[in-house]
Amino acid sequence: MKKIIMGFFGFCFALVAIAFLIPFLIDVNTYKPEILAKTKEALGRDLTIEGKISLRLLPLPTLSVDKIQLANVSEGSQPSMASVDRVELQIALFPLFSKKVEIDKIKLVGANIFLERLGNGRGNWEFSPFQRKETSALSPSSSLPASSASAPSSQFFDVSIKSCEITEGQLKYKDGETLYDVHNISSNISLTSLQGPFHAKGQLDYKTGQTVYFEVDLGTFKDTQSLRANLTLGKSQIKTEGTLSTIDKSYKGTLEGTGEWENLAQLAGFNFVVPTFLGKQLDARMDVSASLKKILLDNLSLRGGDLSAKGHFSIFLEDNVKIQGELNGLPGALGISFSSQQKKNDLGGFLKVNVKDLKSFLKHIHYDVASVPEPLLQASSFNTHFSVTPLNINFSDLNLDFTSARVGGEMKWLRQTSKPSFSVNLQTDNLNPFLALLDIKMIANQKTAGTIKGKIEGDQKNLTFDTQATLDSTVITLQGQARDLAQHASFETKLDIKSTSFIDLLKRFEVTLPSLFNHIDVTGKIGGDLAKIQMDTRTTLKDFILLTQGFINNISQKPNFDIHISASHPDIKRLLGALGTSAHTTSGPFTLKTHLGGTPSLFKLGDIQGLLGAAGSFSGSIDYSRPETKPYINASLRFTSVNLDHLLSFLKDSATVPAFPHIMLAATATSPMHSPWSRDILDLNFLSYFDVDFKLTSEKISKKEMVFDHPDLIAQIKNGILKIVKVTASVYGGSFTLKGQTDSQKNNASQYTFALKGAELKNLSPKESSVKITHGQLDVNGNLVTSGNSIYKLVSALEGKITLDAHDGIISGFDLQAITSNLMKQNRLEGIVNLLSASFKKGETPFSSLEGLIDIQQGIAHIKKLTLLAKGGEGAAHGTIDFPAYTMNVDARFSLTEPKNIPSIGVKFIGSIDAPVRTIDSDALQKHMTTNVLKDVIGSITSGEKKPADILGAILGGGGSDEQASPSPQSSNPAPQNSDADNIVKTPEKALKSLLKGLF
């Protein structure tokens, strides 16, 4: 027994020794030529083995080969179709004795496979058929029974592969100019037998950082076999299950997929922000029917978030690949259909999109339809033909049709040339709904046609462009070039804007401009680089010309302006007329020159020089800054001489602006003005949008006879409060001051104080009046407060006091002392004649004081005191002036100091402030004079001592002296006897009253 055991171990040892020694005794590399020849005979390709072939029998029979390459076809773009750095093959030994080849492991390291579609349409993986030459003795039909011809012969080995391990593999596929690259392939494949089933599992990197895991199961190899495959990328998964036919080379089954949008985007090779309405993943299911000629995807169902669609696709794989498909069932009854066909290197087709309710679709995709005009939310369609070639992409017969507007035209992109270009030519019959998308409103019932056409040509370094946009009769043209875009980019542009009916165009935007803007012509050049842009433009509006010339520096970071601006017009009167105002007296040229310097947040309009025709010239500067809170403006302007009648003449026709206030110490006739105070809301909240320091000086500002010499204004706006820091001027020979403020945040609450000191009274008297003040000085002081959100409410809430103080004056045009003297002779006819014909036509009357106190409450001025003390007489007035109602009710009374028995005369002013009705209260004086004076006159006429014509001639004839007036000559056609006498005798009061009315 012991010998048997020792013999068995000795035999085993001998076998191990033989297995160990055979690889050293037999050189398997001597079989290389035969292996290469058999491969050439089988595949029609050359096989190259650059490394060694190694064989070892222990612990398992292992064959290894290094550096193997399989040649590509002669038409291929690379010399090798496949290469492997190292192949190891392990075979189980004992199954060989039962004609079973059990390959325990095949290991492929560094396998690189290159597949490509050749120019003739064939693939380089299609090998030449292998035709084995066999003798008739081996023919199954001659030596075997018919039943055994198709059965596996017992002389062949049954082969199985437990594991085929692939590491560091790479697969490339080239189709034309497109190259697909799959690398870092790692898999494990098992094959139960050469007839299947087949199982593979592994991973690969489709692109860097994108690992795809796969698992494939294939049933027993026969006419039809089952197929199941599963791909996983992150949380995305695609799986298919069906039947593969080897007879007609077809596949039928189902395809299902669930994928996160982020993974799918990575797999497709691009990144995009997934809209929320698509959710986080896409679910898809379809029936697949594929053959070598076509692929049909039926019962296609897609769902992503709130959207779902159904449809089908057909892909025809014959000479020219053709794809057709439809998607329906989207919200708003949206449907998409398309077809495309590949012809060699050209792809052409047609795309059509229809939607019955665009509003519903936009709501489903969470789009804010409130910003979309209603005409664009109804039924619409889009269709176009497209063609894609290696040289260009064209969209022709493009048509976007809405209910109220249509866009048509073509677009073309010329690529793969030394100067790629993009051209466009689009037209629309109605721009209104598209402009409404930009919040630009137009009149709904007026359509505005528009076009845009042009061409951009060049490459990444240099571009040229020529574009033109048309809005009705307005044409905008841009021509130029851009250079050195890759490094130091610069451009040069010619600008041209022309319109013959610009006003009509703007009316459709609900913008009304005066006739000046009807004909517009803008030309110029703009060019430079991001460090410095130069501009030189000219804008012509009829005779109005605007020129801009200068630079914009550092536009890419913090733009800085250095621009000279000039504007001119030959006649400001015609300019204001073209602007829609009525300049009745203003005339002469208008000019404006200034320099704009600084940044958008800190700039200055300096060296301002301007001329407003006859209204005067001006100069100054305006500084603008933008701190963190709000803009700040510091303006300083100086006028040489300003005529406000000219400057403000365009306000003359305005019925809501009261006449410019004018102080006169004698009544003058003016045109009535009704309801001068506007009740429109006076919104001064804009004062809180910015802070301002403002200074205005001038040599002279005039308004009719009122002249402000050397006016000086300093004002400030801060936190919504307008503060008049100081206003000083010389007015009527005196000094005028004003200060106060208005708070826009507190219902326009205002408080102002003003003073006029030492004004010469002679300057306040109207020159055309026969009675005027020639000497004396006047002081006026006022303190006013008010509030309200309209002019009317501001006037109605007016409160304050005004005082008047005049002294040492002289009134020319009548002699109060002479009147007193003549009234002392009241019992003589000469006294009354001289009183009325001489005393009121010459001479002068000194006065010692004129004092007044006016108390204003709720817009009503109460005359508390208004007295005049003159040599020979005195006067006083009281009453109210109702500014809100624009009415007055004032009583004035004048009396003589001597003789003391002479009654006073009263004058009442009632009615509109600018045109009151005057009523003279002279009843007491009339009665006195009738009783004591006119009796002598009547007696003279009755006794025949004087004729009526003599008396009337003396009174009304325009002469008069201290002596008795001369009688007028007799008329050639005398009136009936005693007619004048009768009138005087019967109505002496009426005659006297009419004479006194001329004075007041």
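Because the structure is a prediction, the values reported are computed rather than measured.

*Asks:* A description of the overall build of the chain should follow, citing residues and the corresponding values.
*Replies:* The secondary structure content of the chain amounts to 17 helices and 48 strands. Within the chain, the proportion of its 1000 residues that are buried is 35%. Within the chain, contacts between residues separated by at least 24 positions form 44% of all contacts whose residues are at least 6 apart in sequence. Carbon and sulfur atoms make up 58% of the accessible area of the chain, which totals about 57,700 Å².

*Asks:* Any chance you could break down the packing of aromatic side chains for me, citing the residues and the numbers?
*Replies:* Going through the model one piece at a time under the given rule, you end up with six aromatic pairs. Between Phe-603 and Tyr-624, the aromatic rings sit 4.7 Å apart at their centres with planes inclined by 20°, giving stacked as the arrangement. Of the two residues, Phe-603 sits in strand β33 (residues 602-612) while Tyr-624 sits in strand β34 (residues 617-625), which places them 21 residues apart along the sequence. A cation over an aromatic ring shows up here: Lys-532 above the ring of Phe-551, its NZ or CZ 4.3 Å from the ring centre. The positively charged end of Arg-679 is found above the aromatic ring belonging to Tyr-792, 3.7 Å away from the centroid.

*Asks:* Please provide a residue-by-residue account of the pairing of strand β47 (residues 905-912), values included.
*Replies:* With eight bridges connecting them, strand β46 (residues 887-896) and β47 associate as antiparallel partners. Residue pairing across strands places Asp-891 opposite Lys-908, the latter belonging to β47. The pairing of β47 with strand β48 (residues 915-921) spans seven bridges and is antiparallel. By the bridge assignment, Gly-906 is partnered in β48 with Asp-921.

*Asks:* Tell me what's going on with the side chain of Asp-743, and back it up with residues and numbers.
*Replies:* Inspection of the secondary structure assignment puts Asp-743 in strand β39 (residues 734-743). Reaching out from Asp-743, the side chain makes a polar contact with the backbone nitrogen of Gln-745 at a distance of 3.0 Å. Beyond its immediate sequence surroundings of up to four residues, Asp-743 is in contact with Gly-720, Ile-721, Asn-748 and Ala-749.

*Asks:* Can you tell me about the pairing of β39, naming the residues and giving the values?
*Replies:* Examined bridge by bridge, strand β38 (residues 721-731) and β39 share nine bridges and lie antiparallel to one another. Residue pairing across strands places Ala-729 opposite Phe-736, the latter belonging to β39. Two successive antiparallel strands, β38 and β39, enclose a turn made up of two residues, where Tyr-732 displays a positive phi of approximately 55°. Of the strand pairs in this sheet, β39 and strand β40 (residues 749-760) are connected by nine bridges, and their pairing is antiparallel. Considered in β40, the bridge of Phe-736 is made with Leu-756. Here β39 folds back onto β40, and the loop between the two strands holds five residues, one of which, Asn-747, carries a positive phi near 55°.

*Asks:* Provide a residue-level description of unusual backbone geometry, including the pertinent values.
*Replies:* With phi around 55°, Lys-67 is a residue other than glycine that occupies positive phi space. Mapping Lys-67 onto the fold places it in strand β3 (residues 62-71).

*Asks:* Can you lay out the pattern of salt bridges for me, pointing to particular residues and giving the numbers?
*Replies:* In the structure shown here, the tally under the stated rule is 14 salt bridges. Measuring nitrogen to oxygen at the nearest pair gives 2.7 Å for the salt bridge that ties Arg-86 to Asp-66. Here Arg-86 is found in strand β4 (residues 80-91), whereas its partner Asp-66 is found in strand β3, with 20 residues between them in sequence. Here Glu-457 ties to Lys-455 by a salt bridge, and the two come within 3.6 Å at their closest N and O atoms. We classify Glu-457 as partly exposed; its relative accessible area is 25%. Among the charged side chains, a salt-bridge network with shared partners connects Asp-66, Arg-86 and Glu-88.

*Asks:* With reference to specific residues and values, describe the environment of Lys-162.
*Replies:* Mapped onto the secondary structure, Lys-162 falls in strand β7 (residues 158-175). For the pair Lys-162 and Asp-104, spaced 58 residues apart in sequence, the C-alpha to C-alpha distance is 5.1 Å. Not counting the four nearest positions on each side in its chain, Lys-162 is found in contact with Glu-102, Ile-103, Asp-104, Ile-189 and Ser-190.

*Asks:* Break down a nonpolar patch on the surface for me, citing the residues and quoting the values.
*Replies:* A cluster of nonpolar residues, Trp-413, Phe-422 and Ile-456, forms a patch on the protein surface that exposes about 280 Å² of accessible area. For Phe-422, the position within the fold is in strand β23 (residues 421-428). By relative accessible area, which is 37% here, Phe-422 ends up partly exposed.

*Asks:* Report on the nonpolar core, specifying residues and quantitative values.
*Replies:* Formed by 63 residues in total, the largest nonpolar core has its most connected members in Val-731 and Phe-847. Once residues lying within four places of it in the same chain are set aside, the contact partners of Val-731 are Met-706, Val-707, Phe-708, Phe-736, Leu-756 and Ala-759.

*Asks:* So what's going on with the environment of Gly-720? Which residues, and what values?
*Replies:* Note that Gly-720 resides in the loop between β37 (706-718) and β38. It is 8.0 Å that separates the C-alpha atoms of Gly-720 and Leu-684, two residues lying 36 residues apart in sequence. If near-sequence neighbours (up to four positions away) are discounted, Gly-720 is found in contact with Leu-687, Ser-688, Thr-742, Asp-743, Ser-744 and Gln-745.

*Asks:* For the confidence of the model for the chain, give the residues involved together with the corresponding values.
*Replies:* Within the chain, residue pLDDT values average 77, and 75% of them lie at 70 or more. In this model residues 129-156 is a low-confidence stretch, pLDDT under 50, and it forms eight contacts with partners more than four residues away in sequence or in other chains. Across residues 952-988, confidence stays below pLDDT 50; counting only partners more than four residues off in sequence or on other chains, it has 34 contacts.

Criteria and thresholds
Residues numbered from 1 in each chain as written. Predicted model: local features only at pLDDT ≥ 70, side-chain atom pairs only at ≥ 80, totals over all residues. Heavy atoms only, no water. Helix = DSSP H or I, 4+ residues; strand = E, 2+ residues; numbered from the N terminus. Buried < 20%, exposed > 50% of the residue type's maximum accessible area, 1.4 Å probe, protein only. Contact = heavy atoms within 4.5 Å. Areas by Shrake-Rupley, 256 points an atom, 1.4 Å probe, with all protein chains shown as cover. Phe/Tyr/Trp six-rings, centres within 6.5 Å; stacked < 30°, edge-to-face > 60°. Lys NZ or Arg CZ within 6 Å of the ring centre and 35° of its normal. Pairing = 2+ DSSP bridges. Polar contact = N/O pair within 3.5 Å; in protein donor to acceptor, adjacent residues only side chain to side chain. Salt bridge = Lys/Arg side-chain N within 4 Å of Asp/Glu carboxyl O. Patch = residues over 30% accessible without salt bridge, like charges linked within 9 Å, V, L, I, M, F, W, Y side chains within 5 Å. Core = buried A, V, L, I, M, F, W, Y, C linked by side-chain atoms within 4.5 Å. pLDDT = per-residue confidence, 0-100.

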